[in-house]
Amino acid sequence: MNYTLVSFELCPFVQRSVITLLEKEIPFTMTYLTLEELYHPPDWFTAISPFHKVPILRVGEVSLFESAVIVEYLDEVNPPSMHPADPLLKAWNRAWIVFAESVIGAHYGCFTAQDETAFEQSRQQLETRLAQLESTVKDGPYFNGTRFSLIDAAYGPVFQRITILEQRYRSDVLVKNSKVARWAQACLERESVIKSLPANFEKKFIDYIRDKGGYAAQLYGA
Ligand SMILES: N[C@@H](CCC(=O)N[C@@H](CS)C(=O)NCC(=O)O)C(=O)O
(Lines give C-alpha, C1' and ligand atoms only; values in the text may rest on other atoms or scores of the structure.)
Protein backbone atom coordinates (compact mmCIF):
# COMPACT_ATOMS: atom_id res chain seq x y z
CA MET A 1 0.00 0.00 0.00
CA ASN A 2 1.19 3.48 -0.89
CA TYR A 3 0.73 5.94 2.00
CA THR A 4 0.92 9.72 1.77
CA LEU A 5 0.81 11.76 4.94
CA VAL A 6 -0.39 15.36 4.69
CA SER A 7 1.49 17.27 7.32
CA PHE A 8 2.43 20.59 8.86
CA GLU A 9 6.03 20.62 10.12
CA LEU A 10 5.29 21.65 13.71
CA CYS A 11 2.28 19.42 14.33
CA PRO A 12 2.60 16.93 17.22
CA PHE A 13 -0.42 14.96 15.96
CA VAL A 14 1.22 14.31 12.58
CA GLN A 15 4.31 13.03 14.37
CA ARG A 16 2.30 10.19 15.95
CA SER A 17 1.71 8.78 12.48
CA VAL A 18 5.33 9.32 11.44
CA ILE A 19 6.59 7.50 14.55
CA THR A 20 4.22 4.59 13.90
CA LEU A 21 5.26 4.38 10.23
CA LEU A 22 8.96 4.46 11.21
CA GLU A 23 8.52 1.86 13.96
CA LYS A 24 6.82 -0.46 11.50
CA GLU A 25 9.29 0.35 8.71
CA ILE A 26 6.43 1.24 6.36
CA PRO A 27 7.45 3.37 3.34
CA PHE A 28 5.49 6.62 2.99
CA THR A 29 5.67 10.04 1.40
CA MET A 30 4.94 13.40 3.03
CA THR A 31 3.17 16.47 1.68
CA TYR A 32 3.57 19.61 3.76
CA LEU A 33 1.14 22.46 4.22
CA THR A 34 2.72 25.80 5.08
CA LEU A 35 1.48 27.71 8.12
CA GLU A 36 -0.26 30.10 5.73
CA GLU A 37 -2.03 27.15 4.06
CA LEU A 38 -3.07 25.78 7.45
CA TYR A 39 -4.71 29.14 8.24
CA HIS A 40 -6.14 29.52 4.72
CA PRO A 41 -6.57 25.96 3.46
CA PRO A 42 -6.36 25.42 -0.29
CA ASP A 43 -9.31 23.73 -2.04
CA TRP A 44 -7.48 20.42 -2.54
CA PHE A 45 -6.99 20.21 1.24
CA THR A 46 -10.54 21.19 2.28
CA ALA A 47 -11.75 18.50 -0.13
CA ILE A 48 -9.92 15.77 1.80
CA SER A 49 -9.87 17.11 5.38
CA PRO A 50 -13.35 17.62 6.86
CA PHE A 51 -12.08 19.73 9.80
CA HIS A 52 -9.27 21.28 7.72
CA LYS A 53 -6.72 19.75 10.07
CA VAL A 54 -3.59 17.67 9.64
CA PRO A 55 -2.69 14.84 9.70
CA ILE A 56 -4.46 13.28 6.75
CA LEU A 57 -3.36 9.82 5.65
CA ARG A 58 -4.06 9.16 1.99
CA VAL A 59 -4.69 5.45 1.45
CA GLY A 60 -5.52 5.04 -2.22
CA GLU A 61 -8.61 7.20 -2.78
CA VAL A 62 -9.47 7.38 0.91
CA SER A 63 -8.33 10.23 3.15
CA LEU A 64 -8.23 9.25 6.80
CA PHE A 65 -8.32 11.98 9.44
CA GLU A 66 -7.78 12.11 13.24
CA SER A 67 -4.31 11.03 14.32
CA ALA A 68 -5.47 8.44 16.86
CA VAL A 69 -7.62 6.74 14.21
CA ILE A 70 -4.83 6.89 11.62
CA VAL A 71 -2.36 5.13 13.89
CA GLU A 72 -4.95 2.52 14.87
CA TYR A 73 -5.48 1.77 11.17
CA LEU A 74 -1.74 1.57 10.46
CA ASP A 75 -1.32 -0.68 13.47
CA GLU A 76 -4.13 -3.01 12.45
CA VAL A 77 -3.01 -3.57 8.86
CA ASN A 78 0.70 -3.77 9.67
CA PRO A 79 1.13 -6.33 12.47
CA PRO A 80 2.48 -6.95 15.02
CA SER A 81 0.36 -4.55 17.02
CA MET A 82 2.00 -1.77 19.01
CA HIS A 83 -0.85 -1.97 21.54
CA PRO A 84 -0.79 -4.35 24.51
CA ALA A 85 -2.61 -7.62 23.69
CA ASP A 86 -4.80 -7.64 26.81
CA PRO A 87 -8.14 -5.96 25.93
CA LEU A 88 -8.47 -4.10 29.23
CA LEU A 89 -4.90 -2.81 29.10
CA LYS A 90 -5.44 -1.83 25.47
CA ALA A 91 -8.56 0.12 26.42
CA TRP A 92 -6.61 1.77 29.28
CA ASN A 93 -3.91 2.80 26.78
CA ARG A 94 -6.51 4.21 24.40
CA ALA A 95 -8.12 6.23 27.19
CA TRP A 96 -4.79 7.83 28.10
CA ILE A 97 -4.06 8.48 24.41
CA VAL A 98 -7.27 10.56 24.35
CA PHE A 99 -5.95 12.36 27.45
CA ALA A 100 -2.75 13.29 25.56
CA GLU A 101 -4.74 15.83 23.52
CA SER A 102 -5.41 17.82 26.72
CA VAL A 103 -1.69 17.77 27.60
CA ILE A 104 -0.87 19.02 24.09
CA GLY A 105 -3.61 21.67 24.42
CA ALA A 106 -2.34 22.93 27.79
CA HIS A 107 1.21 23.15 26.47
CA TYR A 108 0.01 24.94 23.33
CA GLY A 109 -1.70 27.44 25.65
CA CYS A 110 1.67 28.09 27.36
CA PHE A 111 3.68 28.82 24.25
CA THR A 112 0.99 30.93 22.55
CA ALA A 113 -0.08 32.92 25.66
CA GLN A 114 -0.45 36.60 24.92
CA ASP A 115 -0.23 37.74 28.55
CA GLU A 116 1.05 36.48 31.87
CA THR A 117 -2.42 35.55 33.19
CA ALA A 118 -3.13 33.34 30.20
CA PHE A 119 0.33 31.80 30.51
CA GLU A 120 -0.10 31.01 34.22
CA GLN A 121 -3.53 29.46 33.57
CA SER A 122 -2.14 27.16 30.89
CA ARG A 123 0.93 26.43 32.97
CA GLN A 124 -1.28 25.40 35.89
CA GLN A 125 -3.38 23.24 33.59
CA LEU A 126 -0.25 21.55 32.23
CA GLU A 127 1.01 20.86 35.75
CA THR A 128 -2.36 19.35 36.70
CA ARG A 129 -2.41 17.16 33.58
CA LEU A 130 1.15 15.91 34.13
CA ALA A 131 0.40 15.15 37.80
CA GLN A 132 -2.64 13.13 36.68
CA LEU A 133 -0.41 11.28 34.23
CA GLU A 134 2.15 10.56 36.98
CA SER A 135 -0.36 8.34 38.77
CA THR A 136 -0.67 6.09 35.68
CA VAL A 137 3.04 5.49 34.97
CA LYS A 138 4.54 2.23 36.22
CA ASP A 139 8.13 0.96 36.19
CA GLY A 140 9.00 2.05 32.66
CA PRO A 141 11.00 2.81 30.75
CA TYR A 142 7.91 3.13 28.50
CA PHE A 143 4.26 3.41 29.50
CA ASN A 144 3.73 -0.36 29.26
CA GLY A 145 7.21 -1.39 30.37
CA THR A 146 10.01 -2.37 28.02
CA ARG A 147 7.94 -2.39 24.83
CA PHE A 148 7.45 0.87 22.89
CA SER A 149 3.70 1.23 22.21
CA LEU A 150 1.25 3.50 20.41
CA ILE A 151 0.76 5.45 23.63
CA ASP A 152 4.49 6.32 23.62
CA ALA A 153 4.10 7.52 20.02
CA ALA A 154 1.23 9.74 21.22
CA TYR A 155 3.19 11.36 24.07
CA GLY A 156 6.70 11.47 22.56
CA PRO A 157 6.01 14.62 20.49
CA VAL A 158 4.61 16.64 23.40
CA PHE A 159 7.48 15.51 25.65
CA GLN A 160 9.89 16.81 22.98
CA ARG A 161 8.18 20.21 22.89
CA ILE A 162 7.95 20.53 26.67
CA THR A 163 11.65 19.64 26.98
CA ILE A 164 12.74 22.18 24.34
CA LEU A 165 10.89 24.98 26.12
CA GLU A 166 11.81 23.90 29.63
CA GLN A 167 15.47 24.01 28.63
CA ARG A 168 14.98 27.61 27.51
CA TYR A 169 13.08 28.74 30.58
CA ARG A 170 11.69 26.98 33.65
CA SER A 171 13.00 23.50 34.21
CA ASP A 172 10.65 21.97 36.71
CA VAL A 173 7.40 20.91 35.08
CA LEU A 174 8.58 17.46 34.03
CA VAL A 175 11.05 16.94 36.88
CA LYS A 176 8.24 17.47 39.41
CA ASN A 177 6.72 14.23 38.17
CA SER A 178 9.61 11.83 38.33
CA LYS A 179 7.94 8.86 36.67
CA VAL A 180 6.63 10.97 33.80
CA ALA A 181 10.11 12.55 33.50
CA ARG A 182 11.73 9.12 33.21
CA TRP A 183 9.13 8.01 30.67
CA ALA A 184 9.66 11.23 28.70
CA GLN A 185 13.42 10.67 28.64
CA ALA A 186 12.95 7.14 27.25
CA CYS A 187 10.70 8.54 24.51
CA LEU A 188 13.17 11.36 23.71
CA GLU A 189 15.90 8.75 23.18
CA ARG A 190 13.80 6.51 20.90
CA GLU A 191 15.14 6.56 17.33
CA SER A 192 11.69 6.79 15.70
CA VAL A 193 10.74 9.73 17.95
CA ILE A 194 13.99 11.56 17.13
CA LYS A 195 13.63 10.88 13.40
CA SER A 196 9.98 11.95 13.35
CA LEU A 197 11.02 15.59 13.84
CA PRO A 198 11.52 17.64 10.68
CA ALA A 199 14.98 19.15 10.06
CA ASN A 200 15.75 22.26 12.16
CA PHE A 201 12.65 21.66 14.24
CA GLU A 202 13.76 23.61 17.32
CA LYS A 203 14.53 26.75 15.31
CA LYS A 204 11.22 26.51 13.42
CA PHE A 205 9.33 25.96 16.68
CA ILE A 206 10.93 28.97 18.37
CA ASP A 207 10.42 31.13 15.25
CA TYR A 208 6.72 30.16 15.32
CA ILE A 209 6.43 31.18 18.99
CA ARG A 210 8.27 34.43 18.32
CA ASP A 211 5.99 35.23 15.38
CA LYS A 212 2.90 34.74 17.55
CA GLY A 213 4.14 37.60 19.75
CA GLY A 214 2.85 38.36 23.25
CA TYR A 215 4.04 37.03 26.58
CA ALA A 216 5.16 33.57 25.41
CA ALA A 217 7.26 35.14 22.66
CA GLN A 218 9.11 37.23 25.26
CA LEU A 219 9.53 34.23 27.50
CA TYR A 220 10.70 31.65 25.00
CA GLY A 221 11.52 33.50 21.84
CA ALA A 222 14.58 35.49 22.84
N1 LIG B 1 -7.70 15.78 16.93
C2 LIG B 1 -6.86 16.06 15.78
C3 LIG B 1 -6.08 17.33 16.03
C4 LIG B 1 -5.23 17.72 14.83
C5 LIG B 1 -4.83 19.20 14.90
O6 LIG B 1 -5.28 19.97 15.77
N7 LIG B 1 -3.98 19.61 13.94
C8 LIG B 1 -3.61 21.01 13.85
C9 LIG B 1 -2.13 21.18 13.53
S10 LIG B 1 -1.14 20.58 14.86
C11 LIG B 1 -4.36 21.63 12.68
O12 LIG B 1 -4.46 21.03 11.64
N13 LIG B 1 -4.87 22.86 12.87
C14 LIG B 1 -5.55 23.58 11.83
C15 LIG B 1 -6.88 24.08 12.27
O16 LIG B 1 -7.27 23.83 13.41
O17 LIG B 1 -7.54 24.72 11.46
C18 LIG B 1 -5.94 14.87 15.50
O19 LIG B 1 -5.57 14.20 16.47
O20 LIG B 1 -5.62 14.60 14.33
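Residues numbered from 1 in each chain as written. Predicted model: local features only at pLDDT ≥ 70, side-chain atom pairs only at ≥ 80, totals over all residues. Heavy atoms only, no water.

## What to know about the overall build of the protein chain
- Regarding its fold elements, the protein chain presents 11 helices and four strands.
- Its C-alpha atoms put the protein chain at 45 × 45 × 25 Å along the principal axes.
- Considering only contacts within the protein chain whose residues lie at least 6 apart along the sequence, 71% involve residues at least 24 apart.
- Accessible surface, the protein chain: about 10,800 Å² in total, of which carbon and sulfur atoms supply 56%. (Helix = DSSP H or I, 4+ residues; strand = E, 2+ residues; numbered from the N terminus. Contact = heavy atoms within 4.5 Å. Areas by Shrake-Rupley, 256 points an atom, 1.4 Å probe, with all protein chains shown as cover.)

## Thoughts on the sheet that holds strand S2 (residues 28-32)
- Reading across the sheet, the four strands line up as S2-S1-S3-S4 and stay open at both edges, with mixed pairing between neighbours. Looking at strand neighbours, the two that pair on one side only are S2 and strand S4 (62-65), the edges of this open sheet. Averaged over all neighbouring strand pairs, the angle between strand axes comes to 25 degrees, with direction disregarded.
- Here strand S1 (residues 3-7) pairs with strand S3 (residues 56-59) via four bridges, running antiparallel. Looking at S3, one finds that valine 6 is bridged to isoleucine 56.
- Helix H1 (residues 12-23) rests against S1 and S2 of the sheet, and its axis sits at about 150 degrees to S1. (Pairing = 2+ DSSP bridges. Axes fitted to C-alpha atoms, helices over the stretch in contact; angles between N-to-C directions.)

## Notes on the nonpolar core
- Counting 69 residues, the largest nonpolar core has Leu130, Tyr155, Phe159, Ile209 and Tyr220 as its most contacted members.
- It is helix H7 (residues 150-168) that contributes the most residues to this core, 10 residues altogether.
- Split by domain, the residues of this core number at least three in each of domain 1 (3-77) and domain 2 (87-220). (Core = buried A, V, L, I, M, F, W, Y, C linked by side-chain atoms within 4.5 Å. Buried < 20%, exposed > 50% of the residue type's maximum accessible area, 1.4 Å probe, protein only. Domains from an automatic or database assignment.)

## Things to note about the domain arrangement of the protein chain
- The assigned domain composition of the protein chain is domain 1 (3-77) and domain 2 (87-220).
- For domain 1 versus domain 2, the distance between C-alpha centres works out to 20 Å.
- Each partner contributes residues to the interface: domain 1 has 18 residues there, and domain 2 has 24 residues.
- The largest per-residue losses of area from domain 1 upon contact with domain 2 belong to Leu10, Gln15 and Arg16, which jointly make up 32% of the total buried on that side.
- Inspection of the domain 1/domain 2 interface yields three salt bridges.
- Of the charged contacts in the structure, one is a salt bridge between arginine 190 and glutamate 23, with a shortest N-O distance of 2.9 Å.
- Across the domain 1-domain 2 interface, the total number found is nine residue pairs in polar contact (both at pLDDT 80 or more).
- Looking at the side of domain 1 that touches domain 2, the elements that each hand over two or more residues are H1, helix H2 (35-39) and helix H4 (67-77).
- Residue composition of the side of domain 1 that touches domain 2, by class: 11 nonpolar, two polar and five charged. (Buried area = accessible area lost by both parts, 1.4 Å probe. Salt bridge = Lys/Arg side-chain N within 4 Å of Asp/Glu carboxyl O. Polar contact = N/O pair within 3.5 Å; in protein donor to acceptor, adjacent residues only side chain to side chain. Nonpolar A, V, L, I, M, F, W, Y, C, P; charged D, E, K, R; others polar.)

## Quick notes on the packing of H7 against helix H8 (residues 178-189)
- H8 packs onto H7 with a crossing angle of 100 degrees between their chain directions and a minimal axis gap of 9 Å. With respect to their mutual orientation, H7 and H8 come out roughly perpendicular. Of H8, the residues touching H7 (which contributes Ile151, Asp152, Tyr155, Gly156, Phe159, Gln160 and Thr163) are Val180, Trp183, Ala184, Cys187 and Leu188.
- Broken down by class, the residue content of the contact of H7 with H8 amounts to eight nonpolar, three polar and one charged. (Parallel < 35°, antiparallel > 145°, perpendicular 65-115°, else oblique.)

## Observations regarding the packing of aromatic side chains
- By the definition in use, this model includes 16 aromatic pairs.
- Look at tyrosine 108 and phenylalanine 111: their rings are 5.5 Å apart centre to centre, the planes differ by 75 degrees, and that puts the pair in the edge-to-face class. Of this pair, tyrosine 108 and phenylalanine 111 both sit in helix H5 (residues 87-111), three residues apart, which is roughly one turn of the helix.
- By relative accessible area, which is 39% here, tyrosine 108 ends up partly exposed.
- By way of ring pairs, the aromatic residues Tyr108, Phe111, Phe201, Phe205 and Tyr208 are connected into one cluster. (Phe/Tyr/Trp six-rings, centres within 6.5 Å; stacked < 30°, edge-to-face > 60°.)

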